[in-house]
Amino acid sequence: MSEPEHIGPCKEMDVAALLVELLKPGAWIPSGDARWLPVIEALLEAFLRHFDRALLAQLLEHQRALPPSASPAARAACMAGELTALHKICQMLARNPRLSAEARAALAPLESLPPEAIPDTALSAAAALAVQAWPDWELDPENPKVARGSVADVFRFRDRTSKSNAVAFKTVRAESLLRIRNEAAILMRMAKDCPAVGVVAGPNFASALAEALRDAAGALLREIDFVGEAANLRDARAFYKFNRRIRVPATIGIPLDRGIFMDFVEGVPLLDAPLDDESRRDAARLVFRRLVLDPLFSGLPESIFHADPHGGNLMAQTQNHAPLTLVVLDWSQAGRLSAPLRHALIALCLYCVTGDEPSPAVLTRLLESGRKSIRIALPQGVSDPLHAAFEIVQQLALQGHPVPINLLLLRKSFLTLDGITRQLDPDFNAWRETLAYTSEVFASEAVVRALSIQFPWLDRPDFYRSGLPTRTLAAHFAGTIRKFVRTQKNWLTRFGNPCDVHLGSSGIIRSSDKEEK
């Protein structure tokens, strides 16, 4: 049954397994995580089995309509139209550099569907809903349809009594509302069944899986929580209010049960903007610094970050002879980083820089846990310390440790933006940009660090944007120097004075050996 058009009639209970087979999850999973493939396939099949027969039959018919040569990504994109959870996963994967260019191209259209896809019935429903709250508003006569997302549509309204600026109205579709509630309920039921998984995979994995399913259900419900989105928008505007190159729409009025009103912000999709090479490099740096590094090094008691920064939520405003402005939309998915959590993550990155095994104290702070004996080795084969730190976060979650949801959301945001920045600038390196950024942070802390030598009571994490006291940095660098000196001594013990070493045809030869020969 490798070709969809050759799939004949099958039993209802077999449809879910057949759909999973067509998606080929093994094509999406890195080779290092292949051991999780049976678990992922079983979860997908269990998720699909919760839907009624009519929907499964419809999904199968759509798969039959695709050509036999359709890729797994194309099949997933086709299926995502009926499954919001799968749609959100595809949006996250659309810029993943680990996927092939063909797969990313198949998934990219799911980031933002064209406004022409909005049916007129949805337009009429939005107009009726908006007029109830604002009787003087009407749909823009020229361009009422703005964007169609996985859950909601965006429309443009104007005040008929004045010539004020346009207003954007984001409203969830009625069928999406029911679908999200149904899928969230399915995920919660699956979470309750996870103890049975513990018999095979162990209680720690079962606990981690149940927590992940509950987090996924919560993420779906946040898509229709417009009161929560309004709060996120207010916090994001406050966080970026001093940065003129970042724009976050302002809310208007009180959110409705099925929608939210905002300032209408003009812009073009960032990845489609007509930028030259220098502007694309600047855009990549702007995206990574403002959406990842600013929240991580804010120095505030709590910072907010965008937890779903796929290509459809990033817009660009370009002007002649002026740097571009980044417009960040759709703050339904947002995370918060407390100062202790940020400091623990930065300390973990420092361990990855020096190559030392993270101390149990740092891991305890990172997990916000009371356990004192947590240990984990540094991951091997990871390109840089930043990716290594987030790889440790993933491994801790897979081992069943209580990883904070905001830390997992930050990892998801980082991986998404890592792909977007590389698409903007193929030579962009997240770690090099982080080093440049942190050097600026340390320079801004120079006065306090100098005073902390004479007044040790100033050497507190809360006094530094990095959260790294001077004594902590000194201890890490001293350990690195000792490790370097020890390595040099071992080298000298083995080979002698480096000045007396020559490279011969059979390997390394000391001068004394050469004279004897």
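No experiment lies behind these values; they were computed from the predicted model shown.

A.B. asks: Go over the overall build of the protein chain with me, naming the residues and quoting the values.
C.D. replies: Helix and strand counts for the protein chain come out as 20 helices and 14 strands. Considering the protein chain as a whole, with its 517 residues, one finds that 48% of them fall into the buried category. Contacts in the protein chain between residues far apart in sequence, at least 24 positions, make up 64% of those at least 6 positions apart. Accessible surface, the protein chain: about 25900 Å² in total, of which carbon and sulfur atoms supply 56%.

A.B. asks: Before we move on, could you go through unusual backbone geometry and cite the residues and values that matter?
C.D. replies: The phi dihedral of lysine 24 is positive, around 50 degrees, even though this residue is not glycine. On the secondary structure map, lysine 24 appears in the loop between α1 (12-23) and α2 (37-49). In the Ramachandran plot, aspartate 330 falls in the positive-phi region, its phi being about 55 degrees despite a non-glycine side chain. You can see aspartate 330 is positioned in the loop between β11 (322-328) and β12 (334-338).

A.B. asks: Describe the packing of aromatic side chains, with residues and values.
C.D. replies: Considering all chains together, one arrives at 11 aromatic pairs under this definition. Each ring, one from tryptophan 134 and one from phenylalanine 261, has its centre 6.4 Å from the other, and the planes form 80 degrees; the classification is edge-to-face. Highlighted residues: tryptophan 134 in the loop between α7 (120-133) and β1 (137-139) and phenylalanine 261 in strand β7 (residues 259-263), separated in sequence by 127 residues. Classification of phenylalanine 261 by relative accessible area gives buried; the value is 1%. Taking the centre distance of 5.7 Å and the plane angle of 65 degrees together, the rings of phenylalanine 288 and phenylalanine 428 count as edge-to-face. With a gap of 140 residues between them, phenylalanine 288 in helix α12 (residues 277-296) and phenylalanine 428 in the loop between α16 (405-424) and α17 (430-444) connect regions that are remote in the sequence. Phenylalanine 288 sits in the buried class, given a relative accessible area of 0%. Ring-pair connections join several aromatic residues into one group, and the members of that group are Trp134, Trp137, Phe157, Phe169 and Phe261.

A.B. asks: Describe the packing of α12 against α16, with residues and values.
C.D. replies: Following both chains from N to C, one finds α12 and α16 inclined at 170 degrees, their axes separated by 9 Å at the closest point. One finds that α12 runs roughly antiparallel with respect to α16. Counted together, Arg280, Ala283, Ala284, Val287, Phe288, Leu291, Val292 and Leu296 of α12 and Leu410, Phe414, Leu417, Thr421, Gln423 and Leu424 of α16 form the full contact between these two elements.

A.B. asks: Now, about the environment of valine 39: what can you tell me, with residues and values included?
C.D. replies: By the element assignment, valine 39 lies in helix α2. Sequence-wise, valine 39 and valine 197 are 158 residues apart; in three dimensions their C-alpha atoms are separated by 9.7 Å.

A.B. asks: Tell me about the side chain of threonine 171, and name the residues and values.
C.D. replies: As for its position among the elements, threonine 171 is in strand β4 (residues 167-172). Within the local environment of threonine 171, its side chain forms a polar contact with the backbone oxygen of arginine 258, the two atoms lying 2.9 Å apart. When sequence neighbours within four positions are dropped, the list of residues in contact with threonine 171 reads Ala126, Leu129, Ala152, Asp153, Phe155, Arg258 and Gly259.

A.B. asks: Summarise the side chain of histidine 343; cite the residues concerned and give the values.
C.D. replies: Relative to the helices and strands, histidine 343 resides in helix α13 (residues 339-354). Setting aside anything within four residues of it in sequence, one finds histidine 343 in contact with Arg365, Pro461, Asp462, Tyr464, Ser466 and Gly467.

A.B. asks: Help me get a handle on the nonpolar core, residues and values and all.
C.D. replies: Among soluble globular proteins, nonpolar side chains are generally buried collectively. Within the largest apolar cluster, 122 residues are counted, with the highest numbers of intra-cluster contacts made by Leu107, Leu326, Trp331, Leu366 and Leu396. Top contributing element to this core by residue count: α13, with 10 residues. When sequence neighbours within four positions are dropped, the list of residues in contact with leucine 107 reads Trp28, Ala73, Ala77, Cys90, Leu93, Ala94 and Leu99. In this structure, Leu123, Ala126, Phe155 and Val167 belong to the second largest nonpolar core, which totals 13 residues.

A.B. asks: Describe in detail the pairing of strand β9 (residues 302-306), supporting the description with residues and values.
C.D. replies: Within β9, four of the five residues are buried, which leaves it mostly tucked inside the rest of the structure. Pairing analysis gives five bridges linking β9 to β12, with the strands arranged antiparallel. Pairing of histidine 306 across the sheet is with alanine 334, part of β12.

A.B. asks: Can you explain the packing of α13 against helix α14 (residues 360-367)? Please cite residues and give values.
C.D. replies: Contact geometry for α13 and α14: axes closest at 8 Å, N-to-C directions at 145 degrees. The way α13 lies across α14 gives a crossing that is left-handed. Every residue of α14 that contacts α13 at Leu341, His343, Ala344, Leu345, Ala347, Leu348 and Tyr351 is listed here: Val362, Leu363, Arg365 and Leu366. Taken together, the residues that form the contact of α13 with α14 break down as nine nonpolar, one polar and one charged.

A.B. asks: Explain the sheet that holds β11 to me, using residue names and the numbers behind them.
C.D. replies: Spatial ordering of the open sheet is given by β5-β11-β10-β8, a layout of four strands whose pairing is mixed. Either end of the sheet is taken by a strand with one partner, and the two such strands are β5 (246-247) and β8 (268-269). Pairing of β5 with β11, which is carried by two bridges, proceeds in the parallel orientation. Counted as the bridge partner of arginine 247 is valine 327 from β11. Along the sheet face, α12 touches β5, β10 (314-319) and β11 and points at about 45 degrees away from the line of β11.

Thresholds, definitions, all that
Residues numbered from 1 in each chain as written. Predicted model: local features only at pLDDT ≥ 70, side-chain atom pairs only at ≥ 80, totals over all residues. Heavy atoms only, no water. Helix = DSSP H or I, 4+ residues; strand = E, 2+ residues; numbered from the N terminus. Buried < 20%, exposed > 50% of the residue type's maximum accessible area, 1.4 Å probe, protein only. Contact = heavy atoms within 4.5 Å. Areas by Shrake-Rupley, 256 points an atom, 1.4 Å probe, with all protein chains shown as cover. Phe/Tyr/Trp six-rings, centres within 6.5 Å; stacked < 30°, edge-to-face > 60°. Axes fitted to C-alpha atoms, helices over the stretch in contact; angles between N-to-C directions. Parallel < 35°, antiparallel > 145°, perpendicular 65-115°, else oblique. Polar contact = N/O pair within 3.5 Å; in protein donor to acceptor, adjacent residues only side chain to side chain. Core = buried A, V, L, I, M, F, W, Y, C linked by side-chain atoms within 4.5 Å. Pairing = 2+ DSSP bridges. Left-handed = near helix turned anticlockwise from the far one by under 90°. Nonpolar A, V, L, I, M, F, W, Y, C, P; charged D, E, K, R; others polar.

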